[in-house]
Amino acid sequence: MPQSCTRSVEHPSTWHGSLDATRRSTALFVARDVAVRTANRERVARSLPLARSQSRYPESAQWNPCGLAGGDAGVALMCSYFDRCLPGEGWDALGHVFLAQGVSALERAGSRCAGLFAGLSGFAFALEALSRHGDRYQSALAAVDELLAPQASEFAARLNTAEHGLPVSAFDVVSGASGVVAYLLRRDSLGVMPDLLTALVRLAEPSRGVPRWATPPGLLPSESQRRAYPTGQLNCGLAHGIPGPLAALSLALQSGHEVPGQREAVGTLAQCLLALRVEGPWGVGWPDAVSLTAAGRPGHGGASAATRDAWCYGTPGVARSLWLAGEALADDDLRRAATEGMTSALQRSAALHPLISPTYCHGVAGLLQIVLRFSHDAPSETPAEASTMLVDELLAAYEPQRPFGYASREAADVAVDRAGLLDGAAGVAMTLLAAATQIEPGWDRIFLLS
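Cut-offs applied
- Residues numbered from 1 in each chain as written.
- Predicted model: local features only at pLDDT ≥ 70, side-chain atom pairs only at ≥ 80, totals over all residues.
- Heavy atoms only, no water.
- Helix = DSSP H or I, 4+ residues; strand = E, 2+ residues; numbered from the N terminus.
- Buried < 20%, exposed > 50% of the residue type's maximum accessible area, 1.4 Å probe, protein only.
- Contact = heavy atoms within 4.5 Å.
- Areas by Shrake-Rupley, 256 points an atom, 1.4 Å probe, with all protein chains shown as cover.
- Lys, Arg positive; Asp, Glu negative; His and termini not counted.
- Charge placed at Lys NZ, Arg CZ, Asp CG, Glu CD.
- Axes fitted to C-alpha atoms, helices over the stretch in contact; angles between N-to-C directions.
- Parallel < 35°, antiparallel > 145°, perpendicular 65-115°, else oblique.
- Left-handed = near helix turned anticlockwise from the far one by under 90°.
- Nonpolar A, V, L, I, M, F, W, Y, C, P; charged D, E, K, R; others polar.
- Salt bridge = Lys/Arg side-chain N within 4 Å of Asp/Glu carboxyl O.
- Core = buried A, V, L, I, M, F, W, Y, C linked by side-chain atoms within 4.5 Å.
- Polar contact = N/O pair within 3.5 Å; in protein donor to acceptor, adjacent residues only side chain to side chain.
- Phe/Tyr/Trp six-rings, centres within 6.5 Å; stacked < 30°, edge-to-face > 60°.
- Lys NZ or Arg CZ within 6 Å of the ring centre and 35° of its normal.

Sorry if this is basic, but what is going on with the overall build of the chain here?
Scanning the chain for helices and strands turns up 16 helices and eight strands. Going through the 450 residues of the chain one by one, you find that 57% of them count as buried. Long-range contacts, defined as pairs at least 24 residues apart, comprise 70% of the intrachain contacts of the chain with a sequence gap of at least 6. As displayed, the chain has an accessible area near 16,800 Å², and 54% of this comes from carbon and sulfur atoms. Across the chain, the centroid of the 36 positively charged side chains sits 4 Å from that of the 43 negatively charged ones.

Explanation requested: the packing of helix α12 (residues 315–329) against helix α14 (residues 364–377) in the structure shown.
A packed helix pair is summarised by two numbers, namely the angle formed by the two axes and the spacing between the axes. Orientation of α12 relative to α14, taken along the N-to-C sense of each, is 30°, at an axis distance of 10 Å. Between α12 and α14, the crossing angle belongs to the class labelled roughly parallel. Remark: the crossing between α12 and α14 carries left-handed chirality. On α14, the residues touching Pro316, Gly317, Ala319, Arg320 and Trp323 of α12 are Leu367, Ile370, Arg373, Phe374 and Asp377. The class makeup of the residues in the contact of α12 with α14 is six nonpolar, one polar and three charged.

I'm lost on the pattern of salt bridges in this one. Help?
Side-chain pairs of opposite charge can arise whenever the charged atoms involved come near each other. Applying the stated criterion to the full structure yields 24 salt bridges. Note that glutamate 440 and arginine 373 form a salt bridge whose closest N and O atoms lie 2.8 Å from each other. Taken together, the residues glutamate 440 in the segment after α16 (425–436) and arginine 373 in helix α14 connect sequence positions 67 residues apart. A residue is classified by how much of its surface remains accessible, and glutamate 440, at 27% relative accessible area, is partly exposed. Through salt bridges with shared partners, a single network forms among Asp83, Asp92, Arg132 and Arg136.

Can you help me understand the nonpolar core in this one?
Buried together is how nonpolar side chains tend to be arranged in soluble globular proteins. Leu77, Met78, Leu196, Trp311, Leu322, Leu432 and Phe447 are the most contacted members of the largest nonpolar core, which has 152 residues in total. Per-element accounting of this core gives the leading share, 10 residues, to α16. Ala61, Ala411, Val414 and Val416 belong to the second largest nonpolar core, which has five residues in total.

Where do I start with the packing of helix α10 (residues 243–254) against helix α11 (residues 262–275) in this structure?
Taken N-terminus to C-terminus, the directions of α10 and α11 make an angle of 145°; their axes are 10 Å apart at the nearest point. The handedness of the crossing between α10 and α11 comes out as left-handed. Each of Pro243, Leu246, Leu249, Ser250, Ala252 and Leu253 in α10 lies in contact with α11, whose residues at this interface are Gln262, Arg263, Ala265, Val266, Leu269, Ala270 and Leu273.

Teacher, can you tell me more about unusual backbone geometry here?
With the exception of glycine, most residues fall at negative phi, and the peptide bonds are largely trans. Even without being a glycine, arginine 132 presents a positive backbone phi close to 55°. Relative to the helices and strands, arginine 132 is located in the loop between α5 (120–129) and α6 (138–161). A positive phi is found at tyrosine 137, a non-glycine position, where the angle reads about 65°. Locating tyrosine 137 in the fold gives a position in the loop between α5 and α6.

I keep staring at the side chain of threonine 437 and nothing clicks. Help me out?
Tracing the backbone through its elements, the reader meets threonine 437 in the segment after α16. Among residues more than four places away in sequence, those in contact with threonine 437 are Trp15, His16, Gly17, Leu28, Tyr81 and Cys85.

So what exactly am I meant to see when it comes to the environment of asparagine 40 here?
Among the structural elements, asparagine 40 can be located in the loop between α1 (21–38) and α2 (41–54). Given a relative accessible area of 28%, asparagine 40 falls into the partly exposed group. It is 8.9 Å that separates the C-alpha atoms of asparagine 40 and leucine 94, two residues lying 54 residues apart in sequence. From its side chain, asparagine 40 meets the backbone nitrogen of arginine 43 in a polar contact 2.9 Å long.

Is there a simple way to think about the packing of aromatic side chains in this case?
Each aromatic ring pair is specified by the distance between its two centres and by the angle formed by the two planes. Within the structure shown, the criterion is met by 11 aromatic pairs. Ring geometry for tyrosine 360 against phenylalanine 447: centres 3.9 Å apart, planes inclined by 20°, an arrangement best described as stacked. Here tyrosine 360, found in the loop between α13 (332–352) and α14, pairs with phenylalanine 447, found in the segment after α16; they are 87 residues apart in sequence, far enough to count as distant. Its relative accessible area of 0% is what places tyrosine 360 among the buried residues. When the centroid spacing of 5.9 Å and the interplanar angle of 45° are considered together, the rings of tyrosine 398 and tyrosine 406 count as tilted. With a relative accessible area of 16%, tyrosine 398 lands in the buried category. Taken together, the ring pairs connect Tyr81, Phe117, Trp311, Tyr360, Trp443 and Phe447 into an aromatic cluster. The cationic tip of arginine 41 hangs over the ring face of phenylalanine 98; the distance from NZ or CZ to the ring centre is 5.4 Å. If you follow arginine 186 out to its NZ or CZ, it ends over the ring of phenylalanine 125, 4.6 Å from the centre.

So what exactly am I meant to see when it comes to the environment of glutamate 340 here?
You can see glutamate 340 is positioned in helix α13. Along the primary structure glutamate 340 and alanine 247 are separated by 93 residues, whereas in three dimensions their C-alpha atoms are 18 Å apart. Aside from chain neighbours lying at most four places away, what touches glutamate 340 is Arg277 and Val284.

Right, here's the structure in full:
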């Protein structure tokens, strides 16, 4: 892998933090401290047995050399953002070390996983982020792209040929086609973007009167979900549901990537989500999923009420996907629906404090990053104090005695010391840095937020 070379010139950013000087200083201190700990390979290795002993799901406490969610690629991506925000502190060299671990793993074993969070497209995303606008790592990127191309084509073919019912892993951002699109929007080098977009467009078509993105019970990922949704479900979460394809198609339109029917599909999927809204004491919201009736229509059984207000599931992630659709279509109604949902989520969060974890996926950091995006795109529609409140919440959760300064909370009484980006300290550090600096966090493309 090529070594560091001259930095390309950064373009001025329109990103502006809203923190006062004291909060900004504290957030920078905590973010830097957490990032230093997270970028310590020995500390990460020592923490894994501890995390397995702490977690209710010990099999999830793994470290993937090529993984964005919990692995070297995610730490490398964190280092790329710290290097942009805090140049001259050595973050670029640290990121290189973590990338090298992923390259070595690929050379030893290859990868049959194309997904963004644990596979080739995510590793390529981290490589591109550290390439300094393509000045380096081109041979490594070309090698990863060569491995990824046939797998991306398989994703497209699978979506195009499936006629009735799909597992969410075929199209979601975590493992599926939407995540591959997120990478290709940064580096369209495979020639498969039109095929992937065409396949995602087909999700908006009905099949036997049922949305093609519906998941029948036999394709649900766990026995508990099959019990909860015995006739199948429509997944409404940004991490695994239809908001992911909606956001991917919308971002592609904004970037100039368009295939026949794409605009219509964005409109159709957005209207599907609007039809699944629920009303509650704090306004509008979205459930994790909606049950299908025996006839295959959206019903009201199972999880039919608004639940958490996080990135992975709940109203903030859905609202962001609707905002992106509104931007792509220049549709004020969709933008209003998005900001209405976000306002409701913030009111609910302030009143109920439902997020117990500081981390990104289902915790405060992910909610903060969505708020930062809304504050950037629609400042007049976003409560000015929202980001400050969430930053304060993250700073209050900082525990310097823990290995990484933050722990993922599986429950109020279950704290797990994780280093990774999705469910660990790295994601918290990146979000605090985004709140405290004026360098736009392009890394949140992996969450389909920008």
